[in-house]
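Each chain is listed here by its residues.
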Amino acid sequence: MKKHIPNILTCCNLICGCIAAYCAFYGGFQFAFLFVLLGAFFDFFDGMVARALGVSGKMGVELDSLADCVTFGVAPSAMLFSLFSKVAYPSFMANEFVFEVMPFTAFLMAAFSALRLAKFNIDERQHTGFIGMPTPANAIFWGALIASSEGWLTGPRFNAFFLFLFMMLFCWLLVCEVPMFAFKSLSWKKEKVKFLFLGLSAVILVVGAISGVAEGNVWIGLIRGVAECIGLYVVMSILASVLPGKE
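First, a word on what this report is: a plain description of the structure on this page. Along each chain, numbering runs from 1 in the same order as the chain's sequence is written. pLDDT decides what is reported in this predicted model: residues at 70 or higher carry local features, side-chain atom pairs at 80 or more are listed and counted, and totals for whole chains, interfaces and linings draw on all residues regardless. Note that the side-chain values use all heavy atoms of the structure and ignore hydrogens as well as water.

It is worth spelling out the state of the cysteines at this point. A covalent bond bridging the sulfur atoms of two cysteines is what the word disulfide describes. Cysteine sulfur pairs qualify as disulfides if the two atoms are within 2.5 Å. Taken as a whole and judged by the stated rule, the model has zero disulfides. Of all cysteine sulfurs, the one in Cys-16 lies closest to Cys-12, which takes part in no disulfide; the gap is 6.7 Å. Relative accessibility decides the category of a residue: with a 1.4 Å probe and only protein chains considered, values under 20% of the type maximum give buried, values over 50% give exposed, and everything between is partly exposed. Classification of Cys-12 as partly exposed rests on a relative accessible area of 25%. The thiol of Cys-171 is not disulfide-bonded; the next cysteine sulfur, from Cys-176, is found 12 Å away. According to the relative accessible area criterion, Cys-171 is buried, its value standing at 0%.

Here we take up the nonpolar core. We define a nonpolar core as any set of buried Ala, Val, Leu, Ile, Met, Phe, Trp, Tyr and Cys residues linked to one another through side-chain atoms lying within 4.5 Å. By size, the foremost hydrophobic cluster in this structure holds 60 residues, and its most contacted members are Phe-84, Met-133 and Trp-142. Counting from the N terminus, the helices are the DSSP runs of H or I reaching at least four residues and the strands are the DSSP runs of E reaching at least two. Where this core is concerned, the elements lending two or more residues are α1 (5–25), α2 (29–53), α3 (58–84), α6 (135–153), α7 (160–175), α8 (192–215) and α9 (218–242). Residue contacts for Trp-142: discarding those within four places in its chain leaves Pro-76, Met-79, Leu-80, Met-109, Leu-163, Phe-166, Met-167 and Phe-170. Residues are treated as being in contact if the distance between any of their heavy atoms lies within 4.5 Å.

As a further point, take the pattern of salt bridges. For this document, the term salt bridge refers to a Lys or Arg side-chain nitrogen within 4 Å of an Asp or Glu carboxyl oxygen. Counted under the stated rule, the structure contains three salt bridges. Here Glu-177 makes a salt bridge to Lys-119, at a shortest N to O gap of 2.7 Å. In this pair, Glu-177 is assigned in the loop between α7 and β2 (179–180) and Lys-119 in helix α5 (residues 108–122), connecting sequence segments 58 residues apart. Note on Lys-119: relative accessible area 17%, which makes it buried.

Laid out in structure tokens, this is it:
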């Protein structure tokens, strides 16, 4: 029985991704984000449980990639698809063809996420860190951003063209050759950047909660803080990669 426990957790991740995609297609962005987070929780523990029970195997690896592709690829794509249907369009894009086709570009995120996962499985360099942005971080960023800032993203200061460019930037981050740090180990002497990130993230979340209280919705403030923390992670990873020895 114990050999099936990690796969059950992985399937729970996949189911969360399916529910998140369903919620996203119907505009339930906050519920979609919650199920992406829950999927990330199962994704974190399935490998840990497999190693603890000594039942790691090729089937688990393949199933994990499939589940991750749904939860961290298809689900954020579904959120972007719905957002493209609500976002403002600039005058040079204001025609029926663009309105109908542009939302489907959101699924480029799912394709790049699949490429990222396939690359991760065969890349021997990614045992202690990441090369490119991890799919869970990307999905959590988009889920948190859309769930907390839908009004701003669909307002007059933002539009479909900017959303497309922003989405393509993150598609590139998924498959780029930029090293990004992981929390598989923590060493104060060698990895001060990780502790700095954790400290700044705590501050961001506290400020987010306080701003949420001021706005009358602590939950939204915290979600916005999560998106900011992921953005900080990307920036600090890039800086750490171009400034070696400055951690």
